[in-house]
Amino acid sequence: MTKRTKGDLLLDIGVYAFLIALGLIMLLPLASVFSKAVSEEWAITSGKVGILPVGFQLDTLMQVISSSVFIRAFCISVGVTAVGTLISILMTALTAYPLSKRNLPGISFCMVLFIFTMLFSGGLIPNYLLMRQLHLVDNLWVLILPGMISVFNMLVIKSYYESLPEALEESARIDGAKTYTILFRIILPLSMPVIATIALFYAVGYWNDYFGPMIYINDTALKTLQLYLQDVVMDANNANLTNKSIDDLMNMSPEGIRAATVVASTVPILLVYPFMQKYFIKGVLIGSVKG
Amino acid sequence: MLLIPGLLFLLLFKYTPLYGVLIAFQDFNIFDGIRGSEWVGLEQFHKLVQSEEFGQVFMNTLLISVYKIVLLFPVPIVIALVLNEVRLMFFKRTIQTIIYLPHFLSWVIISGLFVTILSTSGGLVNNIIQWFGGEPVSFFVSNQYFRSLVVFTAGWKEVGWNAIVFIAAIAGIDQEQYEAASIDGAGRIRRMLYISLPGILPTVVLMFILRLGSVLDAGTEQILTMYNPVVYETADVIGTFVYRIGLGKMDYSFSTAVGLFNSVVGFILIVSGNYISRKLLKRGIW
């Protein structure tokens, strides 16, 4: 290869400096909140905690995760995510299959029906009124049913189906296989990479959803983790604004509690993140715009 | 036959609400329902056009959205170009892992993170400001800084993730071009500027057009988790306004009118964006 010039060296320095700075910006907020969650009480209240923890204790964290409200919210979120992802994947994969058959009569009209909903929606209030009429307000199904199929995700799966060789299906048909057998025995197993990716996106969506629960769930017994977290984050924030009255009520600072709650809700994602990594890049690329 | 569940889902959860849009032309009363409520024609839209509050909300939406586009759109491109120059695979992979991560955190968690590091009582950033002799800033209740906060956190969450498309586009560039250029004596900076950058230009233009299509979405969920009454003046956007007026003040008809306005403008923007990109680049989202 070519030898390194002075310009190349400068470029290298610039490149590494830029990327290290970027990485630090991404990590610092996480490091800071983690430090506050495990630092000693006096250090937090006197504002001594920066990036690294001062002292070490897990009491705040333990108290947060053992509170019954946290456990309930956590379980509700896990349940909604698991059930929702399962239903979504099933519905999406099944619906995408007939739509991938371009020569089926009426199929392009159905496509238009689906795509139109990506571009135009009734808006918040008509949706809310519909959910009320269906008696889905304050019912956990409201977090799953209206978003069961994401048209975008369906299009991704559909285009993957279309990329599978047609000969495969034809030969199965000659061997006497029916549509369902073909779908469940041949198409779906072959589509596992894209299905795993989309399942991941659905799961992250259900887990992180805040808007849905905020609108449709008022019952405190049904609060999801994100709702609970928002309560803690913003309550503590408001307490800071007025004065520190909460300090007198609890032996732990709102700062510490807040940090610990954020950490407790982030850890599940950090734990699965390494495992999902191998899927999502591929998924984005399949999903990225193509002509 | 397989399509039936999907079509039922569409009909119930996507097309029924479209019928509900009619209440934007009514003085809707929840007890009378859509059939019993009084029709008022375009009155809600007159109210909308004349409302000073809506004008401000509309401006906030545009401002925040345009800031996000101008300041954040180029960053993923730069990240992709720079990452392409890294030869140490280990380093490259580590950085990628780190910069994709925030995409998977919810807005509530991100608000929590930034409330913590921007706190006036011992938050990292205010500690640094005080170190340099400045006054601590309450970012979350400051009309002066709130928009910057919104733009920065949106960038923090998504720039790394958005770079993926451009990283892939660079990977698709023909390697022979680079070899030919280096034989002609082009250094790495030149190769980056004259091969990598033009190579991903079609992708850049396409992403930009698509991004413009959603200019009226300034990040509803993000702002909902972050804002408070003190900063409504600068932070209330169409999405949050619809929520506050509709579900907060129960003004269903007016709120639906605002929502309908938003949907119609959004629809026109996306459809024309796609049209332009089909003309210009021969590809679009459909």
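Starting afresh in each chain, residues are numbered from 1 along the sequence in its written order. As a convention, the first chain written is A and the first ligand written is 1, with the rest following in written order. Local features in this predicted model are restricted to residues whose pLDDT is 70 or higher, and side-chain atom pairs enter the listing and the counts only when it is 80 or higher, whereas totals over whole chains, interfaces and linings include all residues. Here the side-chain values reflect all heavy atoms present in the structure, with hydrogen atoms and water set aside.

*Asks:* Which parts of the structure should I look at to understand the overall build of chain B?
*Replies:* Numbering goes from the N terminus for both helices and strands, where a helix is a DSSP run of H or I of at least four residues and a strand is a run of E of at least two. Across its full length, chain B holds 15 helices and two strands. For the radius of gyration, the atoms used are the C-alpha atoms, and the globule rule reads 2.2 Å times the number of residues raised to 0.38. Taking 286 residues into account, the globule formula puts the C-alpha radius of gyration at 19 Å, and chain B, at 24 Å, lies well above it. C-alpha extents for chain B along the principal axes are approximately 80 × 60 × 40 Å. Every one of the 286 residues in chain B was classed for burial, and the buried ones make up 53%. Of the contacts made within chain B by residues no fewer than 6 positions apart, 65% connect residues no fewer than 24 positions apart. All accessible-area figures derive from a Shrake-Rupley calculation using a 1.4 Å probe, and residue coverage is judged against the displayed protein chains alone. Entry remark: accessible area of chain B is about 13200 Å², with carbon and sulfur atoms responsible for 65%. Charged-residue counts in this description rest on Lys and Arg as positive and Asp and Glu as negative, His and the chain ends being excluded. We put the charge of a Lys on NZ, of an Arg on CZ, of an Asp on CG and of a Glu on CD. Across chain B, the 19 positively charged side chains and the 18 negatively charged ones have centroids separated by 11 Å. Burial classification: accessible surface area is computed with a 1.4 Å probe over protein chains only, and a residue below 20% of its type maximum counts as buried, one above 50% as exposed, and the rest as partly exposed. A contact between two residues is defined here by any heavy atoms of the two lying within 4.5 Å.

*Asks:* Which parts of the structure should I look at to understand the confidence of the model for chain A?
*Replies:* Low pLDDT means the predicted coordinates in that region are not meant to be read closely. A residue's pLDDT is the confidence the predictor assigns to it, expressed on a 0 to 100 scale. Across chain A, the average pLDDT comes to 85, with 89% of residues at or above 70. Counting interchain partners and residues more than four positions distant, the pLDDT-below-50 stretch residues 238-249 of chain A has 11 contacts.

*Asks:* Sorry, what's going on with the UniProt feature "domain: ABC transmembrane type-1" (unreviewed entry) in chain B here?
*Replies:* This chain's UniProt record puts "domain: ABC transmembrane type-1" (unreviewed entry) on residues 58-273 of chain B. Secondary structure within residues 58-273 of chain B divides into 75% helix and 0% strand; the distance between the first and last C-alpha atoms comes to 21 Å. UniProt positions are given in the numbering used here, feature names are shortened, and annotations may be inferred rather than shown by experiment.

*Asks:* Sorry if this is basic, but what is going on with the UniProt feature "transmembrane region" (unreviewed entry) in chain B here?
*Replies:* Residues and elements named next belong to chain B. Taken from the UniProt record, the annotation "transmembrane region" (unreviewed entry) applies to residues 62-83, 104-129, 149-171, 192-210 and 252-276. Between the end C-alpha atoms of residues 149-171 there is a gap of 33 Å, over a span that is 100% helix and 0% strand. Across residues 252-276 one finds 100% helix and 0% strand; the C-alpha atoms that close the span lie 36 Å apart.

*Asks:* How should I be thinking about the interface of chain B and chain A in this particular structure?
*Replies:* Each side of the interface is counted separately: chain B has 93 residues, and chain A has 94 residues. With both chains or domains summed, chain B and chain A bury close to 8200 Å², and 79% of this area falls on carbon and sulfur atoms. It is B:Leu2, B:Phe13 and B:Phe104 in chain B that bury the most area against chain A; as a group they hold 9% of the surface buried on that side. Whenever a carboxyl oxygen of Asp or Glu lies within 4 Å of a side-chain nitrogen of Lys or Arg, that contact is scored as a salt bridge. Inspection of the chain B/chain A interface yields one salt bridge. With its nearest N and O atoms 3.1 Å apart, the salt bridge here joins A:Asp12 to B:Arg188. Any pair of nitrogen or oxygen atoms within 3.5 Å is treated as a polar contact; in protein, a donor-acceptor pairing is required on top of that, and neighbouring residues in sequence qualify only through side-chain atoms on both sides. Our count for the contact surface shared by chain B and chain A stands at 13 residue pairs in polar contact (both at pLDDT 80 or more). A per-element tally of the side of chain B that touches chain A places helix H1 (residues 3-20) of chain B first, with 14 residues. A breakdown of the residues in the side of chain B that touches chain A according to their chemical character gives 64 nonpolar, 22 polar and seven charged. When two parts are brought into contact, each loses some accessible area as probed by a 1.4 Å sphere; the total of that loss over both is the buried area. Residues are grouped as follows: Ala, Val, Leu, Ile, Met, Phe, Trp, Tyr, Cys and Pro are nonpolar; Asp, Glu, Lys and Arg are charged; every other residue, Gly included, is polar.

*Asks:* Could you clarify how one ought to interpret the side chain of B:Ser37 in this entry?
*Replies:* Residue and element names in this part refer to chain B. Within the fold, Ser-37 resides in the loop between helix H2 (33-36) and strand S2 (38-39). Within the local environment of Ser-37, its side chain forms a polar contact with the backbone oxygen of Gly-33, the two atoms lying 2.7 Å apart. Setting aside chain neighbours within four positions, we find Ser-37 in contact with Gln-26, Asp-27, Phe-28, Asn-29 and Asp-32.

*Asks:* Sorry, what's going on with the pattern of salt bridges here?
*Replies:* When the charged atoms of two side chains with opposite charge come close together, those side chains can pair. All names here are of chain A. Taken as a whole and judged by the stated rule, the model has 13 salt bridges over all chains. Between Glu-169 and Arg-173 there is a salt bridge, with the nearest N and O atoms lying 4.0 Å from each other. Here the residue Glu-169 and the residue Arg-173 both occupy positions in helix H8 (residues 166-174), the gap between them amounting to four residues, near one helical turn. For Glu-169, a relative accessible area of 13% gives the class buried.

*Asks:* What should I look at first to understand the UniProt feature "transmembrane region" (unreviewed entry) in chain A in this one?
*Replies:* Residue and element names in this part refer to chain A. Feature annotation in UniProt assigns "transmembrane region" (unreviewed entry) to the following positions: residues 9-31, 69-94, 106-128, 140-161, 182-204 and 257-276. This span, residues 140-161, is 50% helix and 0% strand, and a straight line between its end C-alpha atoms measures 32 Å. End C-alpha atoms of residues 182-204 are separated by 30 Å, and the span's content is 96% helix alongside 0% strand.

*Asks:* Sorry, what's going on with empty space enclosed by the protein here?
*Replies:* Unfilled space is identified by rolling a water-sized probe across the atoms. Residues and elements named next belong to chain A. The way it works is a 1 Å grid over only the protein atoms, where trapped points that fit a 1.4 Å probe form a cavity and open points with protein on both sides within 12 Å along at least five of seven lines form a pocket, and then any residue with an atom within 4 Å of a point lines it. Grid points are joined across faces, edges and corners, and a volume is the space filled by probe spheres set on the points. Per the stated rule, a full pass over the model turns up two cavities of 30 Å³ or more. Of the volumes computed, that of the largest cavity is approximately 60 Å³. Ser-77, Val-80, Leu-143, Tyr-206, Trp-207, Asp-209, Pro-213, Thr-224 and Gln-226 are the residues that line the largest cavity. Of all the secondary-structure elements, those providing two or more residues to the lining of the largest cavity are helix H4 (68-99) and helix H10 (192-208). Here the residues of the lining of the largest cavity are counted per class, giving five nonpolar, three polar and one charged.

*Asks:* So what exactly am I meant to see when it comes to a nonpolar patch on the surface here?
*Replies:* Taken together, the side chains of A:Tyr180, A:Phe184, B:Met1, B:Ile4, B:Leu8 and B:Leu11 present a nonpolar region at the surface, about 700 Å² in accessible area. For the nonpolar patch, the elements supplying multiple residues, two or more each, are helix H9 (179-190) of chain A together with H1 of chain B. Here the element with the most residues in the nonpolar patch is H1(B); it accounts for three residues. The residue A:Tyr180 is located in helix H9 in this model. Exposure above 30% relative accessible area and the lack of any salt bridge qualify a residue for a patch; like charges then connect within 9 Å, and the nonpolar side chains Val, Leu, Ile, Met, Phe, Trp and Tyr within 5 Å.

*Asks:* I keep staring at helix H3 (residues 43-50) of chain B and nothing clicks. Help me out?
*Replies:* Working note: α-helix, 3.6 residues per turn, so residues spaced by three or four point in the same direction. Residues and elements named next belong to chain B. Within H3 the residues assigned to the buried category are Gln-44, Phe-45 and Leu-48. Each buried residue of H3 lies within a common arc of 95° when the element is viewed along its axis, so the set occupies one face. Of the residues in H3, the exposed ones pointing more than 90 degrees away from the buried face are His-46, Val-49 and Gln-50. Residues of H3 that are buried sit in contact with strand S1 (26-27), helix H4 (52-72) and helix H15 (252-281). The directions from the helix axis to the C-beta atoms are what the arc is built from.

*Asks:* Can you walk me through the packing of aromatic side chains in this structure?
*Replies:* The description of two aromatic rings rests on the distance between their centres and on the angle between their planes. Residue and element names in this part refer to chain B. When two rings of Phe, Tyr or Trp (its six-membered ring) have centres within 6.5 Å they constitute a pair, described as stacked for plane angles under 30 degrees, edge-to-face for angles over 60, and tilted for the intermediate range. Counted according to the given criterion, the structure contains 28 aromatic pairs over all chains. On the numbers, 6.1 Å between centres and 75° between planes, the contact of Phe-28 with Tyr-252 is edge-to-face. With a gap of 224 residues between them, Phe-28 in the loop between S1 and H2 and Tyr-252 in helix H15 connect regions that are remote in the sequence. Assessed through its relative accessible area of 13%, Phe-28 is described here as buried.

*Asks:* Explain the nonpolar core to me, please; I cannot follow it from the model alone.
*Replies:* Here is a general trend for soluble globular proteins: nonpolar side chains tend to be buried in one another's company. Within the largest apolar cluster, 173 residues are counted, with the highest numbers of intra-cluster contacts made by A:Leu19, B:Leu113 and B:Phe146. Per-element tally for this core: the top contributor is helix H9 (residues 146-171) of chain B, with 14 residues. In contact with B:Phe146, other than residues within four places in its own chain, are B:Phe139, B:Phe140, B:Met226, B:Tyr227, B:Val231, B:Thr234 and B:Ala235. To form a nonpolar core, buried Ala, Val, Leu, Ile, Met, Phe, Trp, Tyr and Cys residues must be joined to one another through side-chain atoms within 4.5 Å.

*Asks:* How do you make sense of the packing of helix H7 (residues 151-163) of chain A against H10(A) when you look at a structure like this?
*Replies:* Packed helices, taken two at a time, are described by the angle between their axes plus the distance between the axes. Residues and elements named next belong to chain A. Helix axes use the C-alpha atoms of the stretch in contact, all axes being lines fitted to C-alpha atoms, and the angles between their N-to-C directions lie in the range 0 to 180 degrees. Here H7 crosses H10 at 175°, and the two axes come no closer than 10 Å. Relative to H10, the element H7 is oriented roughly antiparallel. Along the contact surface, H7 presents Asn-153, Val-156, Ile-157 and Tyr-160, while H10 presents Pro-193, Val-194, Ile-198 and Tyr-202. Taken together, the residues that form the contact of H7 with H10 break down as seven nonpolar, one polar and no charged. In these notes the angle categories are as follows: under 35 degrees is roughly parallel, over 145 is roughly antiparallel, 65 to 115 is roughly perpendicular, and the rest is oblique.

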